[in-house]
Amino acid sequence: MRELKFLTIYSIVAICTFSQNGTIKLEDSVIVSTTGFETPLFSENKNVTVLFKEQIDNGNYKNVEDVLRDAPNIIVQDTYFGPRIDIRGNGEKSISKVKVLLDGIALNPIEDAMGTLPINTISLNSIEKIEIIPSGGTVLNGSGSSGGVVNIITKTSLRKEFLVFESGVKSYDLRDIGLSLGQNLSEDIYGNFNYSYLKGNGYRDGDSQEANNFSGGIDYTLDEKNRLKFQIGYFDENRDYSTGVDKKELEKDRKTMGFPIISTFKRESYVLDYEYKLNDSLTILNTFYYNSFKRDFTENSLMDYEIPKLGSMPFDILGKDLPVSMHGFFKEEGKGAKVRGKYTYEKGETILGYDYNHTKLLRTSEIQANGYFFPKPMPNFKIKGDVRVDLRNDIFKETNALYGINKYNLTDRLELIFGARYEHSRFGGKRINETEIHSMNRIYEYKELESQEKSDNYAFELGTNYRYSDSGTIYTGYERGFTSPLPGQITDKIDIKYVPNNLKSETSDNFEIGARDIIGETFVNFSLFLTFTHDEIVLIQKNSHNPAIKEWQYKNLNEVRKFGGELYLEQYFEKLTTYQSVSYVHTEITEGLYSGEELPMVPKGKIMLGAGYELSDRATINANFNLIGSYMVKEYDRDNIPVNTQINSYNYTDIMMTYKMTELFSLSFGINNLFNQKYNYEETSTISVPAPGINYFLSGKVQI
């Protein structure tokens, strides 16, 4: 049966493709994620992957998270609070090491414990392309990008007139509708509008969601030298889902519901861009932005609860299988400015820039438990009681940075790239913990710590780009990157007390060599990389199973080494295009805590096979196969002993057919997880969050 399945996959891959009209001319492509200005893809000294709108359209994607799952080199991690994006083996630290941008503006939160990337608040029909840079982004993007950059580029300034209306139905009673419009309102003014709506259930029992997403803006060319753009975005969602379920229960029914979670999300953003083009040699771009993201959730569950000695209480008290309600609120507001200038001269170009950002975050959680407790030394003596624990984080991070990048043509074919960045950060805030117990009497305890730190960091990069032919490039690169502490990381909790920890920034040395070329009808992209991370920030937890007595320490303990390679091939034929992607990464903690172990949450590799066929002038069929490698999960048991669990590799296959009914209207039908593979989005030694089994979709599109 296993051999038959892989034979079927191979057969699909051998006969399927994008339509010829959907083929992307990579040699003509430009990117903006490495310098902040448009740069030809083939002149880059980094392993760049670009997902174009045509490729996004050729898949059954509900949101940006689904798109990135099918991207080469990217691993999507699912957590209790949402998705995280990993490239080249950053594992649990990916949210603070891989920077995700929307039109060049960071979406990463300044808090790693409950923070999440709001990538699913971006409407798919507003996206023009997604640029993926696996490493070496610190000079341009600052702290948090040494592990890579993902830049989601919208249709803000396409200057093309278009109208797209699409609607579809999916398994689990999911229904969606979308409208995307671009229009030249006058010779100088261009407007764009995008709206999407999604409503339905999910794979698991009790899952449901309803979401509205809007974005739009104006691009106004004042004169030959001045251009102004203004863009707004709004998203709101109501979502019901549930926690992970015991693996034994999932063996009986993979749709089994965990403890219910009711949540709401809201995001709004405002961006103003001003471009001044003094002459053909000098261009200045100014960006001013504000964004806000709010999340509110309530979880009701059962748990064992332990409360340490408080007030005059002479002993710890415990409760078994108590009904617990947790209500959390998360609000992050960011504002900033990006000023950058590009000067082009006979032998190259110079880019200088200044970045400012101020982000503040309020995170609260109220945990309530009630029922029968018993003193730890006297398990038969029960006491009825109510417990309330309020946690509040009111934190901020402010950065000011200067950077410069210079590209110099040593010869007609050899280019030298040099860049440097200086970044000053100020971060800190207030932590508050209130505990209140009502039983035979009232016990109340209040703890607070306010702290603030500063850090000064620098990054620099050096690279070469050698064009040995019109299409072929060999490139090398080195970057000295850094990751400054997040404001929530500078406070420890030891012996139920908050204490400052004098945490330092971690630094990294990233080396890369690669080549890209179009050989015959095949595009080839190959790279090898080696990374050394110094003073890695490590989280050490105690009593992680119980929020009332949970303790933690952040330390600069580890030295980490990562190495690996990536290969991407894409073949173009008359009616056939196929692609293959293979990535591998090996991680090892070479010094410090857990020396000799691999990093948690880092799959060893990813394999993608994609293919399809143009059946006729009207019909195309597309398919792709994904294999995600095995990885290790590290947990702490009730005795605070670390437990390593190996998670097996998994794979899934998707297939889709599109038929063009008229010049304007097309229908698509597809099957996801064709072979009904049983794999999990999130997994530990005991519980899992299952991914959907085989599911279907049907959608229609009108495009003018």
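Because the structure is a prediction, the values reported are computed rather than measured.

**Structural notes on the pairing of strand 9 (residues 149–154)**
Here's step 1: A large share of strand 9 lies buried, amounting to six of its six residues.
Here's step 2: By the bridge criterion, four bridges tie strand 6 (residues 99–102) to strand 9 in an arrangement that is parallel. Looking at the pairing, Lys 99 lines up with Val 149 of strand 9.
Here's step 3: Examined bridge by bridge, strand 8 (residues 127–133) and strand 9 share six bridges and lie antiparallel to one another. Residue Ile 127 lies in a different strand from strand 9, and its bridge partner there is Thr 154.

**Describing the sheet that holds strand 8**
Here's step 1: Spatial ordering of the open sheet is given by 3-8-9-6-7, a layout of five strands whose pairing is mixed. At either margin of the open sheet sits one strand with a lone partner, and together these are strand 3 (49–52) and strand 7 (105–106).
Here's step 2: Of the strand pairs in this sheet, strand 3 and strand 8 are connected by four bridges, and their pairing is antiparallel. Opposite Thr 49, over in strand 8, you have Ile 132 as the bridge partner.

**Thoughts on the sheet that holds strand 36 (residues 680–683)**
Here's step 1: Reading across from one edge, 15-37-36 is the order of the three strands in this open sheet, with antiparallel pairing throughout. This sheet does not close on itself; its edge strands, each paired only once, are strand 15 (245–246) and strand 36.
Here's step 2: Examined bridge by bridge, strand 36 and strand 37 (residues 687–690) share three bridges and lie antiparallel to one another. Bridge assignment links Glu 682 to a residue of strand 37, and that residue is Val 689.

**Quick word on empty space enclosed by the protein**
Here's step 1: For the coordinates displayed, the defined rule picks out twelve cavities of 30 Å³ or more.
Here's step 2: Estimated volume of the largest cavity: approximately 680 Å³.
Here's step 3: Forming the walls of the largest cavity are 39 residues, and the residues nearest its centre are Lys 99, Ala 106, Asn 108, Asn 357 and Thr 359.
Here's step 4: Counting residues per element, the lining of the largest cavity draws most heavily on strand 18 (residues 317–345), at six residues.
Here's step 5: Taken together, the residues that form the lining of the largest cavity break down as 14 nonpolar, 16 polar and nine charged.

About the cut-offs
- Along each chain, numbering runs from 1 in the same order as the chain's sequence is written.
- For a predicted model such as this one, the threshold for reporting local features is a pLDDT of at least 70, and the threshold for listing and counting side-chain atom pairs is 80 or more; totals across whole chains, interfaces and linings nevertheless cover every residue.
- Only hydrogens and water are set aside; all other atoms, that is, all heavy atoms of the structure, feed into the side-chain values.
- Accessibility here uses a 1.4 Å probe with only protein chains present; expressed as a share of the type maximum, an area under 20% marks a residue as buried, one over 50% as exposed, and anything in between as partly exposed.
- Helix numbering and strand numbering both begin at the N terminus, where a helix is a DSSP run of H or I of at least 4 residues and a strand a DSSP run of E of at least 2.
- Between any two strands, at least two bridges found by DSSP are needed for them to pair.
- Lining residues are those with an atom within 4 Å of a point, where the points come from a 1 Å grid over the protein atoms alone and group into cavities, where a 1.4 Å probe fits but cannot get out, or pockets, open sets with protein on both sides within 12 Å along at least five of seven lines.
- Grid points are joined across faces, edges and corners, and a volume is the space filled by probe spheres set on the points.
- Charged residues are taken to be Asp, Glu, Lys and Arg, nonpolar residues to be Ala, Val, Leu, Ile, Met, Phe, Trp, Tyr, Cys and Pro, and polar residues to be all remaining types, Gly included.

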